[in-house]
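# Summary of the model geometry
One-letter residues, chain by chain:
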There are 2 protein chains.
Amino acid sequence: MIMMDMWNKVFIAKSLDGYIAGPNGEIDWLDPKPDENKPEDASGEDMGFGALMEEVDAIVMGRVTFEFVRDYDGAWPYLKPLYVLSNSLSEVPERLQDKVTLVLGSLSEALEKIHQNGHLKLYVDGGQVIHSFMKEDLIDEMFITTVPVVLGGGIPLFRDLPTRLEFQHVKSESFFGFYVQDHYKRLRK
Amino acid sequence: MIMMDMWNKVFIAKSLDGYIAGPNGEIDWLDPKPDENKPEDASGEDMGFGALMEEVDAIVMGRVTFEFVRDYDGAWPYLKPLYVLSNSLSEVPERLQDKVTLVLGSLSEALEKIHQNGHLKLYVDGGQVIHSFMKEDLIDEMFITTVPVVLGGGIPLFRDLPTRLEFQHVKSESFFGFYVQDHYKRLRK
């Protein structure tokens, strides 16, 4: 196995104070106000999400994020296989059974199964699963989009870790005069 | 009094995960490693700190930040009057008595005294005092410099607030291929 072909990337939005959702799970603040430019109005600009999705083999998330996506009214948003890391979920709705795989066990056990399926390039999403990967120093790149609001509380993107992790700043870009997206790569020496 | 002439600005560095110091107050991570470019090596680039200092009437900080500055070995770093908001400190070292004023009382009482001295444009520094200003929605601009390290814990820049505060993104700039500085203005409608 060539290690260069294995990576885990994060693409996520956070508030100025580092929350991915408000105290009650609110995500209304993620979009600009109706009177401002909206991403969907601006010639399909997706801030690089589509390109990342092209590149990945699969998506990995936890139960909370999955339940949010599962219960979303619109079309299923992913073209790649989705793995849900959960030891409490017991089933996936029938309409999603060809798209979603539940994976039990520890993170390393789960990753072993995912890699055995030939899925080596992973988009890691959701606060809890990103944190699990961070704790094991398994995040290689991060695209973090900052929304210009201080929420004052909520579900944090970053959580306590046993050691420091150094990253390298690759690029910052602003979108719609609203978002700032920062691209970081893990700096391993 | 013309309100346009009164403002409070923040100019501070934080880790990728939002800490202004490590769990034990560590700030060694603020500078690039010795083998990388250092700010002081790069033609005096100060990322706009000097320009902000020119503009302000005074600096406001709390006890913890003051004690850190007070005990610093080098030359006194400020050319403008410094106010220390503290109800526990009782005196300022003699060598600093013409530079530093202790202010007692609530934030609004302290600000009234500072404004009465004709000091209306303030640089607000230190986690606790920035938070006190934030809680009262008194921060007008922020220059936040992000250092590309995930500390995993420490003293947070942002803390719990009773309400959301919207900001407007003004500019992002990277320095030394290491820091990213984001400039935000409070968006009041």
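Above: the structure in question.
Okay, so let's go over this structure.

About the criteria used
Residues numbered from 1 in each chain as written. Chains lettered and ligands numbered in written order. Predicted model: local features only at pLDDT ≥ 70, side-chain atom pairs only at ≥ 80, totals over all residues. Heavy atoms only, no water. Phe/Tyr/Trp six-rings, centres within 6.5 Å; stacked < 30°, edge-to-face > 60°. Helix = DSSP H or I, 4+ residues; strand = E, 2+ residues; numbered from the N terminus. Buried < 20%, exposed > 50% of the residue type's maximum accessible area, 1.4 Å probe, protein only. Lys NZ or Arg CZ within 6 Å of the ring centre and 35° of its normal. Contact = heavy atoms within 4.5 Å. Buried area = accessible area lost by both parts, 1.4 Å probe. Salt bridge = Lys/Arg side-chain N within 4 Å of Asp/Glu carboxyl O. Polar contact = N/O pair within 3.5 Å; in protein donor to acceptor, adjacent residues only side chain to side chain. Nonpolar A, V, L, I, M, F, W, Y, C, P; charged D, E, K, R; others polar.

Moving on to the packing of aromatic side chains. All told, the structure shown has 14 aromatic pairs over all chains when counted by the stated rule. Taken together, a centroid distance of 5.9 Å and an interplanar angle of 35 degrees make the contact between F11 of chain A and F143 of chain A tilted. Here the residue F11 of chain A occupies a position in strand β1 (residues 7-15), and F143 of chain A occupies one in strand β7 (residues 141-147), the gap between them amounting to 132 residues. A relative accessible area of 11% places F11 of chain A in the buried class. Relative to Y123 of chain B, the ring of F49 of chain B lies with its centre 5.6 Å away and its plane at 75 degrees, an arrangement referred to as edge-to-face. Of the two residues, F49 of chain B sits in helix α1 (residues 49-55) while Y123 of chain B sits in strand β6 (residues 121-125), which places them 74 residues apart along the sequence. Overall, Y123 of chain B belongs to the buried group, its relative accessible area being 4%. Ring pairing ties together the aromatic residues F11, F49, Y123 and F143 of chain A, which thus form one cluster. The lysine or arginine in question, K9 of chain A, covers the ring of W7 of chain A, its NZ or CZ lying 4.1 Å from the ring centre.

Contacts between the two partners involve 33 residues from chain B and, on the opposite side, 34 residues from chain A. Summing the contributions of chain B and of chain A, the shared interface buries around 2700 Å²; its carbon and sulfur component is 55%. Our count for the contact surface shared by chain B and chain A stands at two salt bridges. Ionic pairing is found between R164 of chain A and D28 of chain B, a salt bridge with its closest N-O pair at 2.8 Å. Where chain B touches chain A, the interface holds eight residue pairs in polar contact (both at pLDDT 80 or more). Those elements that place two or more of their residues in the side of chain B that touches chain A are β7 (141-147), β8 (149-150), β10 (165-175) and β11 (179-186) of chain B. If one sorts the elements of the side of chain B that touches chain A by residue count, β10 of chain B sits on top with six residues. Of the residues in the side of chain B that touches chain A, the class split is 15 nonpolar, seven polar and 11 charged.

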